[in-house]
Amino acid sequence: MLPFPRFSFEAPDTVAEAVRLSALPRAMLLSGGTDLLPSVKHRLFQPDVLVSTRRLRELRGVREGADGGLTVGAGMRLSELSRDAQVRLRFPALAAATASVATPTIQRMGTLGGNLMLDTRCMYYNQPAGWRAALGGCLKCEGTVCHVAPKGAGCYAAHSADTVPVLHLLGAVACFATTSGDLRIPVAELYGDDGRTWLNSPPGALLVSVDIPDAKAPIAYRKLRQRGAIDYGLVLTAVTREAEGFRAVISAVGPRPIEVSGATAEALVDAALAVVQPLATHQQAVPWRRKMVKVELRRAIGELG
Amino acid sequence: MTTPTTTPMATTRVAQDLVLELLVNGEPTRRLVPGHRSLLEFLRDELRLTGTKHGCDVGDCGACTVLVDGEPRLSCITLAADCAGTAVETIEGVAVGGVLDPVQAAFDAHVAAQCGYCTPGFVMTLRHLFADNPDATESELRTALGSNICRCTGYVKILTAARDAQRRIQAAR
Ligand SMILES: Cc1cc2nc3c(=O)[nH]c(=O)nc-3n(C[C@H](O)[C@H](O)[C@H](O)COP(=O)(O)OP(=O)(O)OC[C@H]3O[C@@H](n4cnc5c(N)ncnc54)[C@H](O)[C@@H]3O)c2cc1C
Ligand code: SF4
Ligand code: FES
Ligand code: FES
């Protein structure tokens, strides 16, 4: 039994009211709940109030955006996107990424907004409170040391959101509502280098939609995972070939997805190995995950044809 | 659902109960629930609908799957309060007048359960799949079953039952 702590619940029907509520101390936004609610059960968060986005119409729908792209509501379920005709036609890699999240049931619950705002993950963090207490917690929660890099001062918990590497390559922009007005942050600039403070959006900001510009070139997306369902990725790889060469975003290897480029496939792999260093945030051996960065990149390049 | 008229309780830390109205297996249901009540606890502990099973409690296993407005939901990580105004279907609502539905009948025919703890969740997942995509391919069927974990059967009997259920549903069309 992992009971919830006590909290209250609000389900506002306007963005303005949702933003006002989410700006309250110890308030958190709730969409599909597939990331937040297990974490609340694990006492990683102790909110006083959860603010549901379920009734916000502005977060729904897929519309034609500016310059030939699409504007996707943050409240769209992952399964709605992987089945959406426009998304499949124009951004097949995004459809594939949404279809690779967790399980079909979780894809029907989880939203695009929740995926962009997904907490960073680590095997010392995503554990029940009693498990963590046995180790005295860690820097990201309750403790004073990082068990992954005990000499370091930072947290390396891994960014694990499947839609993000593709949205990053596409040049998508996250559109937020806040108590002090609207805010647009490119997905490529949304994440920072520490697993505790990985989000560059202000606290309480409500993600309303994601603007995706027209795709210039095909993207291949690969997810290395232990089982074919349920599991988070061990290495996430999105690659595209442009006039100047290859560009890739590699994730699940640190708090921020990492962009690399290279004129040739070999140059791209070399560039990736120079900067991507998986750490012991997952149970699987680090040297193997590092080798797999290279293997997954080559496979993804192969899929581009 | 009516929410409290006072400002939210962020400063007091005293959670107030909410009036929750919804349909459960077709029955209009009205109860006071605290905001932190999971749909699973609401169904099992308040409505005594214990057919929905309590497995991992954190979204991994699918034992607690129910349908909310026809969509599968893991009730352990769904708040009861967030289901206001919806129609919830649990395993208790599946058989009509004591007659098993095709998915249940196929699980029975192929003995696709050992301990049976995972079975209600599998039945709800498959009910949704066949309502949504009655002509699901073998690969779509296997993908859909990836939402649920069984620790006993090795899945072969569950797959056999699922294929048989699909044939029964297609034959009845
Ligand atoms: C067993 C299991 C396996 C999983 N595997 C994967 C996986 O392989 N890949 C993957 O990417 N994810 C995975 N997930 C996580 C999750 O299902 C998805 O990331 C999903 O997209 C999260 O969306 P949500 O609506 O459920 O988010 P929620 O849980 O509702 O919210 C997540 C976070 O975002 C915030 N938030 C939610 N909506 C907004 C908004 N509109 N504006 C601002 N902040 C917001 C919340 O406050 C919270 O901090 C898994 C979850 C489970 C339970
Ligand atoms: S990387 Fe270190 S600080 Fe961060 S969650 Fe893991 S153990 Fe904790
Ligand atoms: S009990 Fe809900 S998914 Fe396991
Ligand atoms: S029959 Fe025992 S868990 Fe499936």
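Predicted model only: the values in this text are computed from it and were never measured. (Residues numbered from 1 in each chain as written. Chains lettered and ligands numbered in written order. Predicted model: local features only at pLDDT ≥ 70, side-chain atom pairs only at ≥ 80, totals over all residues. Heavy atoms only, no water.)

Chemist: For this particular structure, what's the right way to read the packing of aromatic side chains?
Modeler: Any aromatic ring pair is given by two values, namely how distant the centres are and how the planes are angled relative to each other. Residues and elements named next belong to chain A. Throughout the structure, instances matching the rule amount to three aromatic pairs over all chains. Arranged with centres 6.3 Å apart and planes meeting at 55°, the rings of Tyr 124 and Trp 131 form a pair that is tilted. In this arrangement the basic side chain of Lys 41 is found over the ring face of Phe 4, its NZ or CZ atom lying 4.9 Å from the centre. Its end group placed over the ring of Tyr 125, Lys 140 keeps NZ or CZ at 4.6 Å from the ring centre. (Phe/Tyr/Trp six-rings, centres within 6.5 Å; stacked < 30°, edge-to-face > 60°. Lys NZ or Arg CZ within 6 Å of the ring centre and 35° of its normal.)

Chemist: Teacher, can you tell me more about the interface of chain B and chain A here?
Modeler: Accessible area lost on assembly of the parts is the figure often given for the size of an interface. Across the contact, 38 residues belong to chain B and 40 residues belong to chain A. Between chain B and chain A lies a buried interface of about 3300 Å² when both sides are counted; carbon and sulfur atoms form 58% of it. Linking chain B with chain A are five salt bridges, by the criterion used here. Notably, a salt bridge pairs A:Arg54 with B:Asp82, separated by 3.3 Å at the nearest N-O pair. (Contact = heavy atoms within 4.5 Å. Buried area = accessible area lost by both parts, 1.4 Å probe. Salt bridge = Lys/Arg side-chain N within 4 Å of Asp/Glu carboxyl O.)

Chemist: Even after reading the chapter, I still don't get the pairing of strand S1 (residues 17-24) of chain B, so can you show me in this structure?
Modeler: Moving residue by residue along a regular strand, the side chains alternate between the two faces of the sheet. Residues and elements named next belong to chain B. Only one face of S1 is buried: it carries Leu 18, Leu 20, Leu 22 and Val 24, and the other face, with Asp 17, Val 19, Glu 21 and Leu 23, is open. Of the pairings in the sheet, the one linking S1 to strand S2 (residues 27-34) comprises eight bridges and is antiparallel in character. Across the sheet, Leu 23 pairs through a bridge with Pro 28, a residue of S2. Once S1 ends, the chain turns through two residues before running back antiparallel as S2, passing Asn 25 with a positive phi of about 50°. As paired strands, S1 and strand S5 (residues 87-89) are joined by two bridges and run parallel to one another. The residue of S5 that forms the bridge with Val 24 is Val 88. (Buried < 20%, exposed > 50% of the residue type's maximum accessible area, 1.4 Å probe, protein only. Helix = DSSP H or I, 4+ residues; strand = E, 2+ residues; numbered from the N terminus. Pairing = 2+ DSSP bridges.)

Chemist: I would appreciate a short explanation of empty space enclosed by the protein in the present structure.
Modeler: It is a probe the size of a water molecule, rolled over the atoms, that shows where empty space is left. Evaluation of the coordinates by the stated rule reveals three cavities of 30 Å³ or more. By volume, the largest cavity amounts to about 80 Å³. Residues of the lining of the largest cavity, tallied by class, amount to 11 nonpolar, three polar and one charged. (1 Å grid on protein atoms, 1.4 Å probe; cavity = no way out; pocket = protein on both sides within 12 Å on 5 of 7 lines; lining within 4 Å. Points joined across faces, edges and corners; volume = space filled by probe spheres on them. Nonpolar A, V, L, I, M, F, W, Y, C, P; charged D, E, K, R; others polar.)

Chemist: I'm lost on the layout of surface pockets in this one. Help?
Modeler: In this structure, the second largest pocket spans a volume of roughly 730 Å³. What lines the second largest pocket is a set of 30 residues, among which A:Arg83, A:Ala99, A:Pro104, A:Gln107 and B:Thr143 lie closest to the centre. Counting only elements with at least two residues in the lining of the second largest pocket, the list comes to helix H3 (78-83), helix H5 (92-99) and helix H6 (104-109) of chain A together with helix H3 (119-132) and helix H4 (138-145) of chain B. Partitioning the lining of the second largest pocket into residue classes produces 10 nonpolar, 14 polar and six charged.

Chemist: Before we go on, may I ask you to explain the domain arrangement of chain B in this structure?
Modeler: Residues and elements named next belong to chain B. Looking at chain B, the domain boundaries give domain 1 (12-93) and domain 2 (102-171). Centre-to-centre, using C-alpha coordinates, domain 1 lies 23 Å away from domain 2. Across the contact, 17 residues belong to domain 1 and 12 residues belong to domain 2. Surface buried jointly by domain 1 and domain 2 totals about 1200 Å² across both partners, of which 61% is contributed by carbon and sulfur atoms. (Domains from an automatic or database assignment.)

Chemist: What am I meant to see in the pattern of salt bridges here?
Modeler: Opposite charge on two side chains permits them to pair, given that their charged atoms come into close proximity. Within this structure, the stated rule accounts for 32 salt bridges over all chains. B:Asp132 is the salt-bridge partner of A:Arg83, the closest N and O atoms lying 3.1 Å from each other. In this pair, A:Arg83 is assigned in helix H3 and B:Asp132 in helix H3, connecting two distinct chains. Overall, the relative accessible area of 48% leaves A:Arg83 in the partly exposed class. B:Asp132 gets classed as partly exposed once you look at its relative accessible area, which sits at 33%. With its nearest N and O atoms 2.8 Å apart, the salt bridge here joins B:Arg127 to B:Asp101.

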